[in-house]
Amino acid sequence: MNSWKYLFTKNMLEKADKFKGKIDEIEHTATSIKAVVKSTREFNVELLLEEDIFLDVSCSCSAKSHCVHEAIFLKFIDEYPEILEDHKSHYNKNKSLLNEDTENILKNISNTKLNSFLKKEFRQNPKFKYDFIKHFSNTSLIDKKAYEKKLKRIFNNAKAPGFSYDGYYDMRSLAKPLKQFMREDIKRLVNLKEYEFACKLLNDIMDELDDEIYLEDRSFDNAIYYYQDYADILLKEKLSQKSRSKMIGHLRRFNFFGF
C-alpha cells in the first residue's frame with residue numbers, strides 16, 4: 001500500500017508499534033476496509049481505497065485529525081498483506097457493477113437532483129468541494145505566496161549569529177517550526193493534490209539547509225524522514241522533470257549519508 005506514515009506524528013507511530021490490543025470484525029466493501037480496534041475501548045476504523053491505492057482513513061474516536069487508532073489499523077494492514085489482496089478481489093468482483101450503476105444514475109438523474117446533491121456535499125465535505133473546483137477551474141485555489149512567505153519567515157527567524165558570513169542557522173530555533181511546516185502545511189498540499197508545489201517547497205527546504213542537515217547532532221532527522229515519506233507519494237504523481245530530478249538527487253544524497 002502506498003505511503004501513509006506522513007499523516008501521523010512520531011509519537012503516534014511509536015504508540016502504534018507498541019499496541020497490544022486486537023483488530024477485529026474486518027469487513028470489506030467495494031471501496032473500503034472496515035474494522036474495530038480493541039484495547040481498553042473499541043473504535044471503528046475505516047480505510048478508503050481504490051483497488052489497493054490508499055485514499056483516506058477515518059476513526060470513530062473524538063480526535064479532530066488523524067489518530068493513533070488509524071495508525072494501528074494501517075500498520076496492521078501492512079503487516080498482513082493478504083487483507084489487501086482480499087480487498088482487491090472484492091473490488092474487482094464489484095467494479096463492473098459499480099461502473100454500471102454509476103452510468104445508469106448519471107444518465108437518468110435530473111439536473112435539479114444533481115445540483116442539490118453537490119451543494120450538500122460541498123457543505124459537508126470541503127475536500128470534495130476543493131477537488132471539484134480544482135478539476136473544473138483553471139485557477140489555483142491555494143495562496144502559494146503565503147506558503148512561500150511562511151517558509152521564508154521560518155528560516156529568517158532562525159539565522160544564527162554570523163549568518164551573513166557562514167550561512168548557518170540556529171538549529172534549535174529552526175528544527176521545531178520546520179518540522180511543523182512539513183507535517184502540517186506540506187501534508188495539506190499533498191492532500192489537496194498540489195503535488196508540484198509541495199515538491200517545490202520540499203526541495204527548497206533541502207536546498208536551503210544544504211550540508212547543515214548532515215551535522216552530527218541530527219536535529220533535522222525528522223525533516224529528512226518527512227521528505228522521504230512525501231517523496232514516496234510525489235514521485236508516483238505527475239511532476240515536472242526539474243522537480244522530479246531534484247527530488248531524486250536529494251534522496252540519493254540521503255542514502256549516501258546513511259539515511
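Definitions and limits used
Residues numbered from 1 in each chain as written. Predicted model: local features only at pLDDT ≥ 70, side-chain atom pairs only at ≥ 80, totals over all residues. Heavy atoms only, no water. Helix = DSSP H or I, 4+ residues; strand = E, 2+ residues; numbered from the N terminus. Contact = heavy atoms within 4.5 Å. Areas by Shrake-Rupley, 256 points an atom, 1.4 Å probe, with all protein chains shown as cover. Axes fitted to C-alpha atoms, helices over the stretch in contact; angles between N-to-C directions. Parallel < 35°, antiparallel > 145°, perpendicular 65-115°, else oblique. Left-handed = near helix turned anticlockwise from the far one by under 90°. Nonpolar A, V, L, I, M, F, W, Y, C, P; charged D, E, K, R; others polar. Salt bridge = Lys/Arg side-chain N within 4 Å of Asp/Glu carboxyl O. Buried < 20%, exposed > 50% of the residue type's maximum accessible area, 1.4 Å probe, protein only. Expected span 1.5 Å × (residues − 1). Arc of directions from axis to C-beta. Patch = residues over 30% accessible without salt bridge, like charges linked within 9 Å, V, L, I, M, F, W, Y side chains within 5 Å. Core = buried A, V, L, I, M, F, W, Y, C linked by side-chain atoms within 4.5 Å. Pairing = 2+ DSSP bridges.

Participant: Would you explain the overall build of the protein chain in this entry?
Facilitator: Helix and strand content of the protein chain: eleven helices and four strands. Across the protein chain, the fraction of contacts at a sequence separation of at least 24, relative to all contacts at a separation of at least 6, is 60%. As displayed, the protein chain has an accessible area near 16300 Å², and 49% of this comes from carbon and sulfur atoms.

Participant: Where do I start with the packing of helix α1 (residues 10-17) against helix α2 (residues 68-79) in this structure?
Facilitator: The geometry of a pair of packed helices is captured by two quantities: the angle between their axes and the separation between those axes. Direction vectors running N to C along α1 and α2 enclose 55°, while the axes themselves pass 9 Å from each other. Taken as axis vectors, α1 and α2 run oblique relative to one another. In the crossing of α1 with α2, the sense of the turn from one axis to the other is right-handed. Every residue of α2 that contacts α1 at Met12, Lys15, Ala16 and Asp17 is listed here: Val68, Ala71, Ile72 and Lys75. Here the contact of α1 with α2 is built from residues that sort into five nonpolar, no polar and three charged.

Participant: Can you walk me through the pattern of salt bridges in this structure?
Facilitator: Side chains carrying opposite charge are able to pair once their charged atoms draw close together. Per the counting criterion, the structure on display carries twelve salt bridges. Two residues, lysine 38 and glutamate 25, come together in a salt bridge whose shortest N-O distance is 3.7 Å. Separated by 13 residues along the polypeptide, lysine 38 in strand β2 (residues 32-38) and glutamate 25 in strand β1 (residues 22-28) bring together distant segments of the chain. A salt bridge links glutamate 85 to lysine 88; its shortest N-O distance comes to 3.8 Å. Here glutamate 85 pairs with lysine 88, and both are found in helix α3 (residues 81-108), just three residues apart, close to one helical turn. Accessibility expressed as a relative area gives 46% for glutamate 85, which makes it partly exposed. Connected through shared salt-bridge partners, Asp24, Glu25, Lys38 and Glu42 make up one network.

Participant: Looking at this model, I keep getting lost on helix α11 (residues 241-256). Mind explaining?
Facilitator: Every α-helix winds through 3.6 residues per turn, so residues three or four apart in the chain are directed the same way. Taking 1.5 Å of rise per residue, 16 residues should cover 22 Å, and α11 covers 22 Å from first to last C-alpha, within 8% of that figure. Listing the buried residues of α11 in full gives Ser243, Met247, His250 and Phe254. The buried residues of α11 occupy an angular sector of 60° when the element is viewed end-on, so they sit on one face. Residues of α11 that are exposed and point over 90 degrees away from its buried face: Gln241, Lys242, Arg252, Asn255 and Phe256.

Participant: How should I be thinking about the packing of helix α8 (residues 171-191) against helix α9 (residues 195-209) in this particular structure?
Facilitator: Where α8 contacts α9, the two axes come as close as 9 Å, and the packing angle between them is 165°. Judged by the inter-axis angle, α8 sits roughly antiparallel to α9. The two elements α8 and α9 meet at a crossing, and its hand is left-handed. When α8 is examined against α9, the residues Leu174, Leu178, Phe181, Met182, Ile186, Leu189 and Val190 are found in contact with a partner set consisting of Tyr195, Phe197, Ala198, Leu201, Leu202, Ile205, Met206 and Leu209. Here the contact of α8 with α9 is composed, by residue class, of 15 nonpolar, no polar and no charged.

Participant: When you look at a nonpolar patch on the surface in this model, what are you seeing that I'm missing?
Facilitator: A surface patch of nonpolar side chains, amounting to about 260 Å² of accessible area, comprises Leu48, Ile53 and Leu55. Summarising the element assignment, leucine 48 is placed in strand β3 (residues 42-50).

Participant: For this particular structure, what's the right way to read the nonpolar core?
Facilitator: Leu47, Phe73, Met182, Ile186, Val190, Ile205 and Leu234 are the most contacted members of the largest nonpolar core, which has 62 residues in total. The greatest single-element share of this core, amounting to nine residues, is contributed by α9. Once residues lying within four places of it in the same chain are set aside, the contact partners of isoleucine 186 are Phe181, Ala198, Leu201, Leu202 and Tyr230.

Participant: What should I look at first to understand the environment of threonine 31 in this one?
Facilitator: Along the chain, threonine 31 falls in the loop between β1 and β2. The sequence separation of threonine 31 and leucine 55 amounts to 24 residues, and the corresponding C-alpha distance is 9.7 Å. Aside from chain neighbours lying at most four places away, what touches threonine 31 is Leu47, Leu48, Leu49 and His87.

Participant: How do you make sense of the pairing of β3 when you look at a structure like this?
Facilitator: Side chains on a regular strand alternate between the two faces of the sheet. Of the two faces of β3, the one lined by Phe43, Val45, Leu47 and Leu49 is fully buried and the one lined by Glu42, Asn44, Glu46, Leu48 and Glu50 carries no buried residue. Hairpin remark: β2 followed by β3, antiparallel, with three residues in the connecting loop. Inspection of the sheet shows β3 paired to strand β4 (residues 53-59) by six bridges, in the antiparallel sense. Directly across from leucine 47, in β4, lies its bridge partner valine 57.

Honestly, that's just the spatial picture; any functional story needs more than this.
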